[in-house]
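Structural characterization, general
Chain by chain, the residues:
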Amino acid sequence: MRKDSAVADERPQERPHRHRLVPHRGGPDEELMRALYREHAGPLLAYVLRLVAGDRQRAEDVVQETLIRAWKNAGQLNRATGSVRPWLVTVARRIVIDGHRSRQARPQEVDPSPLEVIPAEDEIDKALWLMTLSDALDDLTPAHREVLVETYFKGRTVNEAAETLGIPSGTVRSRVFYALRSMKLALEERGVTA
């Protein structure tokens, strides 16, 4: 008789009592579980390693879960004919499939530690800069302020700003030049240097 055949066979003359799946004092026979482990854990581990791409820890977990299910289903295995190994292989394969599906169903967890080293943009500095810039704009003449707003803040060309403001484009160029000089001085007075 092959080593992996008929673990569930109940005929005492062919297989000793320690290899039958017969409940002993309300629980499965511990010797039988040891025998199942000795006979099937190695080949089962080799099979599962192929299923989990060589991840030994995962494979060992699957084999352990498979043998626990065999222990819990000792009554079902007791009625089985032939080898227990096909049942163990099927259970192991289903455990691997279920694990794969559960990992696909929920988002992958991400380690937050790289985010801790990325400097966050300081909104306070940005707000202070905008307040300083607004204050410096208030120091300009209305004519200089409006050409800077049209060209730099709204992104218009000199010709577009001239059309919007209703003044010649040469005047816009001249005002932009003098407005930028005045703006630079206003910012320097507030402690902002280039």
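Quantities reported herein were computed from a predicted structural model and do not represent experimental measurements.

Where helix H1 (residues 30-51) contacts helix H4 (residues 85-105), the two axes come as close as 10 Å, and the packing angle between them is 35°. By crossing handedness, the relation of H1 to H4 is classed as right-handed. Listed contacts from H4 to Glu39, His40, Pro43, Leu44, Tyr47, Val48 and Leu51 of H1 are Arg85, Leu88, Val89, Ala92, Arg93 and Val96.

The final tally for this structure, using the stated rule, is one aromatic pair. Aromatic pair Phe177 and Tyr178: ring centres 5.1 Å apart, planes at 80°, arrangement edge-to-face.

All right, on to unusual backbone geometry then. Positive phi, close to 55°, is recorded for Ala53, a residue that is not glycine. With respect to the element layout, Ala53 can be found in the loop between H1 and helix H2 (56-72).

The next point concerns helix H9 (residues 169-189). Counted at 1.5 Å a residue, the expected span for H9 with its 21 residues is 30 Å, and the 30 Å between its end C-alpha atoms agrees. What H9 keeps buried is the set Val172, Val176, Ala179, Met183, Ala186 and Leu187. Projected down its long axis, H9 carries its buried residues within an arc of 95°, all on one side. Opposite the buried face of H9, by more than 90 degrees, sit the exposed residues Lys184, Leu185 and Glu189. As for H9, its buried residues are in contact with helix H6 (123-139), helix H7 (142-153) and helix H8 (158-165). Just downstream of H9, Gly191 is the residue with a positive phi angle, here 90°.

Turning our eyes to something else, we now look at the confidence of the model for the chain. Across the chain, the average pLDDT comes to 79, with 80% of residues at 70 or higher. The low-confidence segment residues 1-28 (pLDDT under 50) makes 57 contacts with residues lying over four places distant or belonging to another chain.

This part takes up the nonpolar core. By size, the foremost hydrophobic cluster in this structure holds 20 residues, and its most contacted members are Val48, Val62, Val63 and Leu88. For this core, the secondary structure elements donating two or more residues are H1, H2 and H4. For Leu88, the contacting residues outside a window of four places in its chain are His40, Leu44, Thr66, Leu67 and Ala70.

On to a nonpolar patch on the surface. The grouping of Ile124, Leu128 and Met131 at the surface amounts to a nonpolar patch, some 330 Å² of accessible area in total. Summarising the element assignment, Leu128 is placed in helix H6.

Here we come to the packing of H6 against H9. For the pair H6 and H9, the least separation of the axes is 9 Å and the interaxial angle reads 125°. By the criterion of interaxial angle, the relationship of H6 to H9 is oblique. The two elements H6 and H9 cross, and the hand of that crossing is right-handed. Facing H6, whose interface residues are Trp129, Thr132, Leu133, Ala136, Leu137 and Asp139, H9 presents Met183, Ala186, Leu187 and Glu189. Within the contact of H6 with H9, the residues separate by chemical class into seven nonpolar, one polar and two charged.

What follows covers the pattern of salt bridges. Under the defined criterion, the tally for this structure stands at six salt bridges. Its salt-bridge partner being Arg56, residue Glu60 comes within 3.1 Å of it at the nearest N-O pair. Of the two residues, Glu60 and Arg56 are both situated in helix H2; the distance of four residues between them amounts to about one turn of the helix. Arg156 is the partner of Glu150 in a salt bridge, and the nearest nitrogen-oxygen pair spans 2.1 Å. In this structure Glu150 comes out as buried when scored by relative accessible area, which is 8%. Residue classification places Arg156 among the partly exposed residues on the basis of a relative accessible area of 31%. Three or more residues joined by partner-sharing salt bridges are found here, namely Asp135, Asp139 and Arg190.

Here is what the cut-offs are and how they apply
- Residues numbered from 1 in each chain as written.
- Predicted model: local features only at pLDDT ≥ 70, side-chain atom pairs only at ≥ 80, totals over all residues.
- Heavy atoms only, no water.
- Axes fitted to C-alpha atoms, helices over the stretch in contact; angles between N-to-C directions.
- Helix = DSSP H or I, 4+ residues; strand = E, 2+ residues; numbered from the N terminus.
- Left-handed = near helix turned anticlockwise from the far one by under 90°.
- Contact = heavy atoms within 4.5 Å.
- Phe/Tyr/Trp six-rings, centres within 6.5 Å; stacked < 30°, edge-to-face > 60°.
- Expected span 1.5 Å × (residues − 1).
- Buried < 20%, exposed > 50% of the residue type's maximum accessible area, 1.4 Å probe, protein only.
- Arc of directions from axis to C-beta.
- pLDDT = per-residue confidence, 0-100.
- Core = buried A, V, L, I, M, F, W, Y, C linked by side-chain atoms within 4.5 Å.
- Patch = residues over 30% accessible without salt bridge, like charges linked within 9 Å, V, L, I, M, F, W, Y side chains within 5 Å.
- Areas by Shrake-Rupley, 256 points an atom, 1.4 Å probe, with all protein chains shown as cover.
- Salt bridge = Lys/Arg side-chain N within 4 Å of Asp/Glu carboxyl O.
- Parallel < 35°, antiparallel > 145°, perpendicular 65-115°, else oblique.
- Nonpolar A, V, L, I, M, F, W, Y, C, P; charged D, E, K, R; others polar.

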